[in-house]
Amino acid sequence: MQELMNGFSKLSKERKIELLKANIPAIKDKIDNIKQFWHEDEALQKRFDEFSENTISNYYLPFGIAPNFLINGETFNIPMVTEESSVVAAASKAAKFWVQRGGFKAKVHSVKKIGHVHFIYNGEKEGLIEFFKQNKQELIKSVSSLTANMEKRGGGIMGCELIDKRASLQNYFQIEILFNTCDAMGANFINSVLEEFARNFEMGFRISATYEPESEMEIIMSILSNYTPECLVTSKVSCPINDLGEVNGMDPQTFSRKFVRAVEIARIDRYRAVTHNKGILNGIDALVLATGNDFRAIEACAHAYASANGSYQSLSQAWIKDEKLYFTLTIPLSLGTVGGLTSLHPLARLSLDILGNPQAEKLMEITASLGLAQNFSAISSLVTHGIQKGHMKMHLLNILNQLGCSKNEVNQAKEYFFDKVVSYTAVSNFINSLRVSQ
Ligand code: MEV
């Protein structure tokens, strides 16, 4: 077993790499390559290093653009960071398709975020309720040094309730606080407010007349919830079926019928729903990442929302009415356009510039539209020629890169595989045959 690496975090990057070399023989001759990904601008590299801990290099991912998104009458070129081939191409294809059919219509329903003080109390509930009722406004005021700035921007605490959770867990109560964090994602703001609120609540309650001194009262934790069903946005597209024209060679009536069926399947079958929603998140995550937002929070929330009614379902819906196809996506998206990485990471900053520096609500609308576009492309392929056609064409380039192909070999392979099935074996056989014949 490897010796414990004490003090690793305090070492320089060079020393960290040396220590890894000494501990992992298999990377001894390889790990120095990692330095080629250090940024030549030392100040910038320092900033990247400080985003996280124990950093030894940067991890590159492709940064692409899906152009031509028409959303609420405005055109956007959407930055996307993703490693999966064909995701950006699929989004771009859907954007171009819908730009000729009225574009995406998106609308934010609400922007409330939520956090909780979780605590235990085994005294009389009535005394607790009375204290909370009498002191709620005072408690909100007690955190005003933290909320004042946000209030100036139109946000702050939107509501605050005591919730009795004892039916689910012994002696368990919550104080649930609703927030509007304006254009900030607001995680640090919410958590700071919750922690301060919890301290003031505990102190106040313990010295109040309604507290029972012999009872047990304990704050367990204070934390925001990444489940934000009230930070919700819908994006939709629709058009007369005949205006769809042929889709991937399929007539519009058959296409629409199969399309709606495919979405219905994802509403009732969990196996399909997860893949369906993953396709939506292919687009959403790519933009969330490009703008320096928290894609883990978005993912966790999206999946919880997909199971909000007790079974995991498709986040999108499709139907036909009066010879028109309707396709919509409603999803919670807690996003920010100020603070955090959005100002510190130069590419996150640039992404927001590319989008015209949207406010958080507009970013929610753009992001939901991208998710809908991604879903439209995936289902369109699935119900027509299947996904492998487009997928493997894009994947061809990855395989050619893995095989270390020259420009000439790449061109010949692209031409050869234009009308053939791409697989690793077929491509490597083809490249070997080229190499042998030279
Ligand atoms: C691949 O990353 C995503 C798809 O599987 C989504 C779907 O099946 O809807 C194509």
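Keep in mind that this is a model prediction, so the values were computed, not measured. (Residues numbered from 1 in each chain as written. Predicted model: local features only at pLDDT ≥ 70, side-chain atom pairs only at ≥ 80, totals over all residues. Heavy atoms only, no water.)

## Side note on the site of the ligand
In plain terms, the rule: A cutoff of 4 Å decides nearness: a residue is near a molecule or strand if any of its heavy atoms lies inside that distance of it. By the criterion applied in these results, polar contacts are pairs of N or O atoms within 3.5 Å in which, for protein atoms, one can donate a hydrogen and the other can accept it, and in which residues neighboring in sequence qualify only through two side-chain atoms. Helix numbering and strand numbering both begin at the N terminus, where a helix is a DSSP run of H or I of at least 4 residues and a strand a DSSP run of E of at least 2. Residues are grouped as follows: Ala, Val, Leu, Ile, Met, Phe, Trp, Tyr, Cys and Pro are nonpolar; Asp, Glu, Lys and Arg are charged; every other residue, Gly included, is polar.
In the vicinity of the ligand, the contacting residues are Glu84, Arg272, Thr275, His276, Lys278, Gly279, Asn282, Ala378 and Leu382. A distance of 2.7 Å separates an oxygen atom of the ligand from a polar atom in the side chain of Arg272. A distance of 2.9 Å separates an oxygen atom of the ligand from a polar atom in the side chain of Asn282. Residue assignment for the shell around the ligand shows that the elements contributing at least two residues are helix 8 (270-290) and helix 12 (360-382). Per-element tally for the shell around the ligand: the top contributor is helix 8, with 6 residues. Here the shell around the ligand is composed, by residue class, of 2 nonpolar, 4 polar and 3 charged.

## Details of a nonpolar patch on the surface
For clarity, the cut-off: Patch members must show over 30% relative accessible area and no salt bridge, and they are joined within 9 Å when carrying like charges or within 5 Å when they are nonpolar side chains of Val, Leu, Ile, Met, Phe, Trp or Tyr. Computed with the Shrake-Rupley method and a 1.4 Å probe, the accessible areas treat only the protein chains shown as cover for residues. Think of a salt bridge as a Lys or Arg side-chain nitrogen and an Asp or Glu carboxyl oxygen that are within 4 Å of each other. The buried label applies to any residue whose accessible area, calculated with a 1.4 Å probe on protein chains only, is under 20% of its type's maximum; exposed applies above 50%, and partly exposed to all values in between.
On the surface, Phe63, Ile65, Leu347, Leu350 and Ile354 cluster together into a nonpolar patch covering about 360 Å² of accessible area. The dominant element in the nonpolar patch, judged by the number of residues it contributes, is helix 11 (residues 346-354), at 3 residues. Positionally, Phe63 belongs in strand 1 (residues 63-71). Assessed through its relative accessible area of 30%, Phe63 is described here as partly exposed.

## A short note on the packing of aromatic side chains
Put simply, the rule is: Aromatic rings from Phe, Tyr and Trp, taking only the six-membered ring of Trp, are treated as a pair when their centres fall within 6.5 Å; an angle between ring planes under 30 degrees marks them as stacked, one over 60 as edge-to-face, and anything in between as tilted.
For the coordinates displayed, the defined rule picks out 24 aromatic pairs. On the basis of an interplanar angle of 45 degrees and a centroid distance of 5.5 Å, the ring pair of Phe255 and Phe259 is categorised as tilted. Of this pair, Phe255 and Phe259 both sit in helix 7 (residues 252-268), separated by 4 residues, roughly a single helical turn. On the basis of relative accessible area, Phe259 is assigned to the buried category, the value being 0%. Consider the rings of Phe327 and Phe376, whose centres lie 6.3 Å apart with planes at 50 degrees: the pair is tilted. Of this pair, Phe327 sits in strand 10 (residues 324-332) while Phe376 is found in helix 12, placing the two residues 49 residues apart along the sequence. Phe376 sits in the buried class, given a relative accessible area of 4%. Taken together through their ring pairs, the aromatic side chains of Phe119, Tyr121, Phe131, Phe173, Phe201, Phe205 and Tyr211 make up a single cluster.

## Observations concerning the packing of helix 13 (residues 388-402) against helix 14 (residues 407-416)
Rule in force here: For helices, the fitted axis covers only the stretch in contact; all axes are lines through C-alpha atoms, and the angles between them, taken along N-to-C directions, range from 0 to 180 degrees. Left-handed describes a crossing whose near helix is turned anticlockwise from the far helix through less than a right angle; right-handed describes the clockwise counterpart. Residues count as neighbours in contact if any of their non-hydrogen atoms are within 4.5 Å of one another.
Taken N-terminus to C-terminus, the directions of helix 13 and helix 14 make an angle of 145 degrees; their axes are 11 Å apart at the nearest point. Classified by chirality, the crossing of helix 14 by helix 13 is right-handed. Contacts between helix 13 and helix 14 involve Leu396, Leu397 and Leu400 from the former and Val410, Ala413 and Lys414 from the latter.

## Considerations on the pattern of salt bridges
As a working rule, side chains carrying opposite charge can pair if their charged atoms are close by. In total, this model carries 20 salt bridges according to the counting rule given. A salt bridge links Arg199 to Glu196; its shortest N-O distance comes to 3.0 Å. Of this pair, Arg199 and Glu196 both sit in helix 6 (residues 187-206), 3 residues apart, which is roughly one turn of the helix. When its relative accessible area of 24% is taken as the criterion, Glu196 is described as partly exposed. One connected set of salt bridges, linked through shared partners, spans Glu14, Glu18, Lys21, Asp32 and Lys35.

## Topic: the pairing of strand 10
Threshold: The pairing criterion for strands is at least two bridges between them, as found by DSSP.
As paired strands, strand 8 (residues 231-240) and strand 10 are joined by 9 bridges and run antiparallel to one another. Residue pairing across strands places Cys239 opposite Leu325, the latter belonging to strand 10. Note: strand 9 (residues 316-321) against strand 10, 6 bridges, orientation antiparallel. Across the sheet, residue Lys321 finds its bridge partner in strand 10, namely Lys324. Between strand 9 and strand 10, which pair antiparallel and follow one another directly, the connecting turn spans 2 residues, one of which, Asp322, has a positive phi of 50 degrees.

## Re the sheet that holds strand 5 (residues 156-164)
One open sheet accounts for 4 strands, arranged 5-6-4-7; its pairing is antiparallel. Looking along the sheet, the strands with just one partner apiece sit at the ends: strand 5 and strand 7 (217-225). Within this sheet the neighbouring strands show an average axis-to-axis angle of 15 degrees, counted without direction. Looking at chain direction, strand 5 and strand 6 (residues 172-180) are connected through 8 bridges and run antiparallel. Following the sheet pairing, Glu161 is matched in strand 6 by Glu176. Of the strands in this sheet, strand 4 (113-121), strand 5 and strand 6 touch helix 4 (residues 125-142), which is tilted by about 175 degrees from strand 5.

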